[in-house]
Amino acid sequence: MGGSAEQRLQERGIELPKVPPVAGVNNVPFVRSGNLVFLSGLGPSRPEGGLATGKVGRDVTVDEAYQHARLTGLALLAVLRAGIGSLDNVSRAVKVLGMVNAVPEFTDHPKVVNGCSDLFVEVFGERGRHARSAVGMGSLPFGITVEIEAIFEVA
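This section reports on the structure supplied with the text. (Residues numbered from 1 in each chain as written. Predicted model: local features only at pLDDT ≥ 70, side-chain atom pairs only at ≥ 80, totals over all residues. Heavy atoms only, no water.)

**Points about the pattern of salt bridges**
Right, on to step 1. Considering all chains together, one arrives at seven salt bridges under this definition.
Right, on to step 2. With a shortest N-O distance of 3.1 Å, Asp59 and Arg58 are connected by a salt bridge.
Right, on to step 3. Arg58 gets classed as exposed once you look at its relative accessible area, which sits at 58%.
Right, on to step 4. Measuring nitrogen to oxygen at the nearest pair gives 4.0 Å for the salt bridge that ties Asp108 to Lys111.
Right, on to step 5. In this structure Asp108 comes out as partly exposed when scored by relative accessible area, which is 28%.
Right, on to step 6. Using a relative accessible area of 46% as the deciding quantity, one classes Lys111 as partly exposed. (Salt bridge = Lys/Arg side-chain N within 4 Å of Asp/Glu carboxyl O. Buried < 20%, exposed > 50% of the residue type's maximum accessible area, 1.4 Å probe, protein only.)

See below:
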């Protein structure tokens, strides 16, 4: 997979959304500490507006939730780009924590969070592969289907 991350976005017609607002007063969208950038948890904002909400396994299918995780990944990349200037400054994705708003009997959390993980590999190639946790939650803020946070190493 040749080319820069920014080129990959352009070649694939992937547009990053506007940087979403932070849902708190004492937190920020990202914190850089040395060569690591810690991104605050974000949820899936729909391109047409509003948030993707519902319980996975009841209101939302795995495939729909996968797309919601991809939307969340796009928002994370928008915050990352705003924080470091260019996605070409990313050395590697380090860690992803994906939280899925699911019914208690749901067990396919990794398939949902793959929506974000697959995006990172699509954009960064091998540098997009990361350590990850994919877990279920009884609820998430505003009823969103997924919330994802990430850590990146930058040059």
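Having seen the structure, we can now continue with the description.
**Topic: a nonpolar patch on the surface**
Right, on to step 1. Among the surface-exposed residues, Val28, Val31, Leu36 and Phe38 lie close enough to one another that they form a single nonpolar patch of about 300 Å² accessible area.
Right, on to step 2. Here Leu36 shows up in strand E2 (residues 36-42). (Patch = residues over 30% accessible without salt bridge, like charges linked within 9 Å, V, L, I, M, F, W, Y side chains within 5 Å. Areas by Shrake-Rupley, 256 points an atom, 1.4 Å probe, with all protein chains shown as cover. Helix = DSSP H or I, 4+ residues; strand = E, 2+ residues; numbered from the N terminus.)

**Side note on the packing of helix H2 (residues 62-84) against helix H3 (residues 109-124)**
Describing two packed helices takes the angle between their axes plus the distance from one axis to the other.
Right, on to step 1. Here H2 crosses H3 at 45 degrees, and the two axes come no closer than 7 Å. Viewed along their axes, H2 and H3 adopt a mutual orientation that is oblique. Our pair here, H2 against H3, has a crossing hand that is right-handed. Contacts between H2 and H3 involve Val62, Ala65, Tyr66, Ala69, Arg70, Gly73, Leu74, Leu76 and Leu77 from the first element and Lys111, Val112, Val113, Asn114, Gly115, Cys116, Asp118, Leu119, Phe120, Glu122, Val123 and Phe124 from the second.
Right, on to step 2. Classifying every residue of the contact of H2 with H3 gives 14 nonpolar, three polar and four charged. (Axes fitted to C-alpha atoms, helices over the stretch in contact; angles between N-to-C directions. Parallel < 35°, antiparallel > 145°, perpendicular 65-115°, else oblique. Left-handed = near helix turned anticlockwise from the far one by under 90°. Contact = heavy atoms within 4.5 Å. Nonpolar A, V, L, I, M, F, W, Y, C, P; charged D, E, K, R; others polar.)

**As for the packing of aromatic side chains**
Right, on to step 1. Across all of its chains, the model carries two aromatic pairs by this definition.
Right, on to step 2. Here Phe120 and Phe152 contribute two aromatic rings whose centre-to-centre distance is 5.2 Å and whose plane-to-plane angle is 65 degrees, an arrangement assigned as edge-to-face. Within this pair, whereas Phe120 is found in helix H3, its partner Phe152 is found in strand E5 (residues 146-154), the two being separated by 32 residues in sequence.
Right, on to step 3. In this structure Phe120 comes out as buried when scored by relative accessible area, which is 0%.
Right, on to step 4. Judged by relative accessible area, which is 0%, Phe152 ranks as buried. (Phe/Tyr/Trp six-rings, centres within 6.5 Å; stacked < 30°, edge-to-face > 60°.)

**Things to note about the sheet that holds strand E4 (residues 131-137)**
Right, on to step 1. In space, the five strands of this open sheet follow the order E1-E2-E5-E3-E4, with mixed pairing throughout. Every interior strand has two partners, whereas the edge strands, strand E1 (30-33) and E4, have only one. Ignoring strand direction, the axes of neighbouring strands in this sheet form an average angle of 15 degrees.
Right, on to step 2. Strands in contact with H2 are E1, E2, strand E3 (90-101) and E5; relative to E5, the strand with the most contacts, it is inclined by about 40 degrees. (Pairing = 2+ DSSP bridges.)

**Overview of the side chain of His130**
Right, on to step 1. Checked against the element boundaries, His130 lands in the loop between H3 and E4.
Right, on to step 2. Among the polar contacts made by the side chain of His130, one reaches the side chain of Ser117 at a distance of 2.8 Å.
Right, on to step 3. From its side chain, His130 meets the backbone oxygen of Gly128 in a polar contact 2.7 Å long.
Right, on to step 4. Discounting chain neighbours no more than four positions away, the residues touching His130 are Arg92, Ala93, Val94, Lys95, Val96, Ser117 and Phe120. (Polar contact = N/O pair within 3.5 Å; in protein donor to acceptor, adjacent residues only side chain to side chain.)

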